[in-house]
Amino acid sequence: GNYEVRMGTPFAELLAMAGGMRGGRRLKACIPGGSSMPVLPGEVMLATDMDYDAIAKAGSMLGSGAVIVMDDTRCMVKSLLRLAYFYYEESCGQCTPCREGTGWLWRIVDRIEHGKGRPEDLDLLDSIAGNIQGRTICALGDAAAMPVRAFLKHFRDEFQHHIDHGTCVVPS
């Protein structure tokens, strides 16, 4: 839905306004400002107001204000895979960090998602994202890097499970 609310509206109130979680599912994660902003765990988001300062204090940004809500049936590796592919495809190729880095990010997350992840992949993803962020002409590099770093920060255990077991922690 499309909702216009006052700055400072509690996220929990916005979620209720939108009909709550489908089927009574648990809120697992939320990206409060569109796909390029850092993801936050559901419990953090539920305790946060929808304003610039509160979202920044929680560890993300309001960005475009396009709130992405994910329930407990969503695999965080698969979610990041989709975002990484989008930014890889959107790169114009002008800046080397973005042109090369977005492809690396996508390929590594793809490898993890498909059961071929390596123990060093998580640190490698963070390192590549760190070498993209703040080093490109336009904001697309940052948009590609910030989600990677936040997904690893908040959902590292899911990525580690994919690497250790070659499967998803979320039942299909």
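Residues numbered from 1 in each chain as written. Predicted model: local features only at pLDDT ≥ 70, side-chain atom pairs only at ≥ 80, totals over all residues. Heavy atoms only, no water.

Side note on the environment of arginine 111
Position of arginine 111 relative to the elements: it lies in helix H5 (residues 96-113). Sequence-distant contacts of arginine 111, defined by excluding residues within four places in its chain, comprise Lys116, Gly117, Arg118 and Asp121. (Helix = DSSP H or I, 4+ residues; strand = E, 2+ residues; numbered from the N terminus. Contact = heavy atoms within 4.5 Å.)

Side note on the sheet that holds strand S5 (residues 68-71)
Hydrogen bonds between backbone atoms are what pair the strands of a sheet, whose relative direction is either parallel or antiparallel. Spatially, 3 strands are ordered S3-S2-S5 in an open sheet, and the strand pairing comes out antiparallel. Each edge of the open sheet is held by one strand with a lone partner, namely strand S3 (40-41) and S5. Helix-sheet contacts for helix H7 (residues 140-165) involve strand S2 (27-31), S3 and S5, and the interaxial angle to S2 is about 150°. (Pairing = 2+ DSSP bridges. Axes fitted to C-alpha atoms, helices over the stretch in contact; angles between N-to-C directions.)

Quick notes on the pairing of S2
Across the 5 residues of S2, 5 count as buried, placing the element largely inside the fold. Bridging between S2 and S5 involves 4 bridges; their strand directions are antiparallel. Each residue of the ladder has a partner; that of isoleucine 31, found in S5, is isoleucine 68. For S2 and S3, the ladder comprises 2 bridges, and the chain directions are antiparallel. Bridge pairing in S3 places alanine 29 opposite proline 41. (Buried < 20%, exposed > 50% of the residue type's maximum accessible area, 1.4 Å probe, protein only.)

What to know about helix H6 (residues 121-132)
Given a rise of 1.5 Å per residue, 12 residues ought to cover 16 Å, and the 16 Å separating the end C-alpha atoms of H6 matches this to within 8%. Buried within H6 we find Asp121, Leu122, Leu125, Ile128, Ala129, Gly130 and Ile132. Residues of H6 that are buried make contact with H5 and H7. Looking one or two residues past H6, glycine 134 carries a phi angle of roughly 80°, positive in sign. (Expected span 1.5 Å × (residues − 1).)

Focus on the packing of helix H4 (residues 76-90) against H7
Their axes nearest at 9 Å, the elements H4 and H7 cross at an angle of 160°. By the angle between their axes, H4 is roughly antiparallel relative to H7. In this structure, H4 meets H7 at a crossing whose hand is left-handed. Note on element contacts: H7 touches H4 through Leu140, Ala143, Ala144, Pro147, Val148, Phe151, Phe155, Glu158, Phe159 and His162, opposite Met76, Val77, Ser79, Leu80, Leu83, Tyr87 and Glu90. When the residues that make up the contact of H4 with H7 are grouped by side-chain class, the tally is 13 nonpolar, 2 polar and 2 charged. (Parallel < 35°, antiparallel > 145°, perpendicular 65-115°, else oblique. Left-handed = near helix turned anticlockwise from the far one by under 90°. Nonpolar A, V, L, I, M, F, W, Y, C, P; charged D, E, K, R; others polar.)

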